[in-house]
Amino acid sequence: MHPERQYQDGFEFRRVTPAEVIEAARKHERLIEGRIGGARFAFILHDLRGAVLSTLNLTDADLTGSRLDQAQLVGTRLRNASLFACDFRLACLRQADLSKSDLRGVSMRGADLTKARMREADVREAVLAVYRGGKPLPETFDGRIPDLTSAIAIGADMGESRMNGAWTLNADFTDANLAGVDFRGADLRGAVFKGANMQGANLSETRLHGTSFAGALLTDAIFTDAILEDANFRGAIMESSLIGRLRGKGAVLPGEGGESARPVMEVVEDHAVWVAAAGRSGARGDLSGRDLSGLTLSGRNLTAAKMAYAVARRLVLTGSSLVMADLECVDLQDAVLVGVDARGANFERAHLNGADLQNANLGLLESAEQPDRKWPARLTRARLRNASLRGANLRGAVLREADLTGADLRDAQVDGIILDGANTAQVRSR
């Protein structure tokens, strides 16, 4: 049944006033704190369209079947809440916490879920019936498919949630945590999972036409009977066995889809000419999406080269120039980048787990003509678990939300480094 069908046809929702919301929230707070006069925040089948509920603690609230389209719920705590068949279309749920909540049959079409938490939430199909006089109205029995079409869930944490059969067409899950999510039978056409953590996710029987998994972490993910035509897996981290099983099903897989079939060394040599001639001859090197695993490109001039989404595990780049190069979502796990000059380079969402970056220059690139113009090396959301950055120049480098777990930063220069939201657990700095 199409999710746009409304179970509330012919049913009159009672409008809730701002004063009622404030009073209910006050009593709910008393209940949570165990004080006298507390009562559960409960508005079942009510009209809360456009309501301002931001920052409220509504843990365990009951909003079953209610309308909250265009409501403001920024930072609202709705853990363990009953949100069965609620309407959150175009609602703002930024940084809201809906963990372990009942979201069966929910509509979140166009909702803003940026950095929201929905861990272990139940987002499966539901059937809602409206009762009158103790009996259900026959016309109100309606299957409700959860609808997240065009939702914005950038950086959301939905780990271990159940989204079986959900509609998520054109939704944006960039950088979201979707580890262990059950997507079985979901319609994910046109959705974006760029850089998302989807370890162990179940995507069996999903529709993935035009879906982008560029740079996503997909180890142990399941794709049994999924429709993969035109799905994009460039730069995704996947087991070679999974890549083999998906080959020939119409998807662009890691290491495939490069714009040029020319030999890698020919591209590299033409690029060196292009750099030396300031673009007047040769050709800018484009190795985007190519398979560079195990190659040796030590001492090569790859200044401003395009290498985004390349598979480059164990690539040896000792002493090479990567100044202003584009290495977004590149898979450089266990690569050797000792002494590289990567000032101003783009390593956003790059996979550098176990890479050797000793004495690498990841500092600021300064303009010769305009000394006040500087370009930092960008490693936002890069994965650098157990990487060696010993003796590296990291002055001014941007490592927002990067994973540096177990990285070696001994003797590294870190003046002005930006680590907002980065995971620095077990980092060695002395």
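Parameters at a glance
Residues numbered from 1 in each chain as written. Predicted model: local features only at pLDDT ≥ 70, side-chain atom pairs only at ≥ 80, totals over all residues. Heavy atoms only, no water. Helix = DSSP H or I, 4+ residues; strand = E, 2+ residues; numbered from the N terminus. Polar contact = N/O pair within 3.5 Å; in protein donor to acceptor, adjacent residues only side chain to side chain. Contact = heavy atoms within 4.5 Å. Buried < 20%, exposed > 50% of the residue type's maximum accessible area, 1.4 Å probe, protein only. Disulfide = S-S within 2.5 Å. Expected span 1.5 Å × (residues − 1). Arc of directions from axis to C-beta. pLDDT = per-residue confidence, 0-100. Core = buried A, V, L, I, M, F, W, Y, C linked by side-chain atoms within 4.5 Å.

Trainee: Can you walk me through the side chain of threonine 219 in this structure?
Mentor: Mapped onto the secondary structure, threonine 219 falls in the loop between strand S6 (142-144) and helix H2 (240-246). Among the polar contacts listed, one links the side chain of threonine 219 to the side chain of glutamine 199, at a separation of 3.1 Å. With residues up to four places along the chain from it excluded, the contact list for threonine 219 reads Met198, Gln199, Gly200, Ile237 and Glu239.

Trainee: I keep staring at unusual backbone geometry and nothing clicks. Help me out?
Mentor: Residues other than glycine predominantly adopt negative phi, and peptide bonds predominantly adopt the trans conformation. The residue alanine 304 is not glycine, and still its phi comes out positive at about 65°. Inspection of the secondary structure assignment puts alanine 304 in the loop between helix H3 (264-276) and strand S7 (365-366). Unlike most non-glycine residues, tyrosine 309 shows phi in positive territory, near 65°. Note that tyrosine 309 resides in the loop between H3 and S7. On the basis of relative accessible area, tyrosine 309 is assigned to the buried category, the value being 12%.

Trainee: How should I be thinking about the state of the cysteines in this particular structure?
Mentor: Covalent bonding between the sulfur atoms of two cysteines is what defines a disulfide. Going through the model one piece at a time under the given rule, you end up with 0 disulfides. Summary of cysteine pairing: cysteine 92 is not part of a disulfide, and the nearest cysteine sulfur, belonging to cysteine 86, is at 17 Å.

Trainee: How should I be thinking about H3 in this particular structure?
Mentor: Residue pairs three or four apart in sequence face the same way in an α-helix, which turns once every 3.6 residues. In a regular helix each residue adds 1.5 Å, so 13 residues correspond to 18 Å; H3 covers 19 Å between its end C-alpha atoms and thus fits that length. Among all positions in H3, only Val264, Val267, Val268 and His271 are buried. Here the buried residues of H3 occupy an arc of 100° about the axis, which is enough to place them on one side. Taken from the residues just after H3, alanine 278 is the one with a positive phi, measuring 55°.

Trainee: Where do I start with the confidence of the model for the protein in this structure?
Mentor: Predicted coordinates in regions of low pLDDT should not be interpreted in detail. Per-residue pLDDT for the protein has a mean of 93; in total, 93% of the residues score no lower than 70. Confidence over residues 1-8 falls short of pLDDT 50; this stretch has 28 contacts with residues more than four positions distant or in other chains.

Trainee: What is the right way to read the nonpolar core from this model?
Mentor: Soluble globular proteins tend to bury their nonpolar side chains together. Ranked by size, the top nonpolar core spans 71 residues in total, and within it Phe88, Phe223 and Phe233 carry the most contacts. Of all the secondary-structure elements, those providing two or more residues to this core are helix H1 (18-33) and H2. Counting residues in hydrophobic clusters, the runner-up holds 46 residues, among them Leu292, Phe347, Leu352 and Leu394.

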